[in-house]
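# What the coordinates show
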Amino acid sequence: MQAITAHKQISKIVHQAKSNGKSVGFVPTMGALHHGHASLIDYALKDCALIIVSIFVNPTQFNNASDLDKYPRTLDKDLDFLAHYGDKVVVYAPTATEVYGSEVSSTPYNFGAIEKVMEGEHRPGHFDGVGTVLNLLFRQVNPDKAYFGEKDYQQLAIVRKLVEKEKLPLEIIGCPIHRQEDGLAMSSRNARLTETQLAIAPFIYEVLQYVKNNFDTHSALQLRKYVSAAFEKKEGLELEYFEIANIKNLSTLSRKRKNQQYRAFLAVYAGEIRLIDNIALN
Ligand code: AMP
């Protein structure tokens, strides 16, 4: 399998497929592909005849230069990983200039309250970078549907808002979190974990499950205290934030309300590697 690097070529392939009556799905990624990414492709293949997978480590969404620098880049391995899909999958792996033109910078969006909490609060400028690159990629690829993981639940909400703001003619589909057998959510950043860190990281999902199992009987404050204490005691993992938020508007919870749906979200550092995860509570 070969990657296409020119945006004009990818536009042409999609245009031709659509002219032949094929529906086109799009799975944007930053590469270092794993089975979480493959699960999005498999969902996309249920609806669409051709899937474009982009592999692009987007510089404008990193608020930390060392995180960008150390982000795993494994294009040849990624192409091997996708080879079994044959011609149902086309890989678009552009350079920054091919995506952005000469100026690689992000557009300031105003996504409203959903960008002010959690990832938005802790990674300044992150969602402007995400919005900018996806707006450009959506216009280059022009898919019928694009698939995003609930692993990045807040990003999924931002993407829906972006599509609404930019009036883009595509449907956004959210897909469930794909986990290892031990519960750790799959992530490209897991490739950077040491063996010791890999052994303790499943604790993140254990804590989220505890929160889910006790959501009915405990207050948000009690759960928050439990989570802080649990990570304080756990050597090797440092909690950055834990929030319970309404799934509709991502407003973080002070008091539970009836007939509302909630999810718990957290970000944790294992050494210098930042991991995020979330779980549906009710
Ligand atoms: P990334 O390459 O990390 O930017 O992720 C590309 C897409 O894959 C995003 O929509 C992510 O939410 C999704 N994704 C990453 N990890 C998982 C996972 N474990 N389960 C489901 N989707 C995922």
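Residues numbered from 1 in each chain as written. Predicted model: local features only at pLDDT ≥ 70, side-chain atom pairs only at ≥ 80, totals over all residues. Heavy atoms only, no water.

Within the largest apolar cluster, 42 residues are counted, with the highest numbers of intra-cluster contacts made by I52, L134, F138, F148 and I172. Here this core takes seven residues from helix α7 (residues 126-141), the largest share from any one element. Setting aside residues no more than four positions away along its own chain, F148 makes contact with P28, L40, L134, F138, Q155, L156, V159, I172, I173, G174 and C175. A201, F203, F215 and F242 belong to the second largest nonpolar core, which has 29 residues in total. (Core = buried A, V, L, I, M, F, W, Y, C linked by side-chain atoms within 4.5 Å. Buried < 20%, exposed > 50% of the residue type's maximum accessible area, 1.4 Å probe, protein only. Helix = DSSP H or I, 4+ residues; strand = E, 2+ residues; numbered from the N terminus. Contact = heavy atoms within 4.5 Å.)

Let's shift gears to helix α2 (residues 35-47). The terminal C-alpha atoms of α2 lie 19 Å apart, and with 13 residues this matches the ideal 18 Å at 1.5 Å per residue to within 8%. Looking at α2, one finds that the buried residues are G36, H37, A38, S39, L40, I41 and A44. Residues of α2 that are buried in the fold lie against β2 (24-29), β3 (50-55), α4 (75-82), β4 (89-92), β5 (145-149) and β6 (171-175). (Expected span 1.5 Å × (residues − 1).)

Time to look at the site of the ligand. Surrounding the ligand, one finds 17 residues, the nearest of these being M30, H37, D152, H178 and M186. Residue G149 places a main-chain N or O atom 2.9 Å away from an oxygen atom belonging to the ligand. The backbone of H178 places a nitrogen or oxygen atom 2.8 Å from a nitrogen atom of the ligand. Protein chains bury 93% of the 480 Å² of accessible surface belonging to the ligand in isolation. Among the elements of the structure, β2, α2 and β5 are those that each provide at least two residues to the shell around the ligand. The element best represented in the shell around the ligand is α2, accounting for three residues. Class assignment for the residues of the shell around the ligand results in eight nonpolar, seven polar and two charged. (Near = heavy atom within 4 Å. Polar contact = N/O pair within 3.5 Å; in protein donor to acceptor, adjacent residues only side chain to side chain. Areas by Shrake-Rupley, 256 points an atom, 1.4 Å probe, with all protein chains shown as cover. Nonpolar A, V, L, I, M, F, W, Y, C, P; charged D, E, K, R; others polar.)

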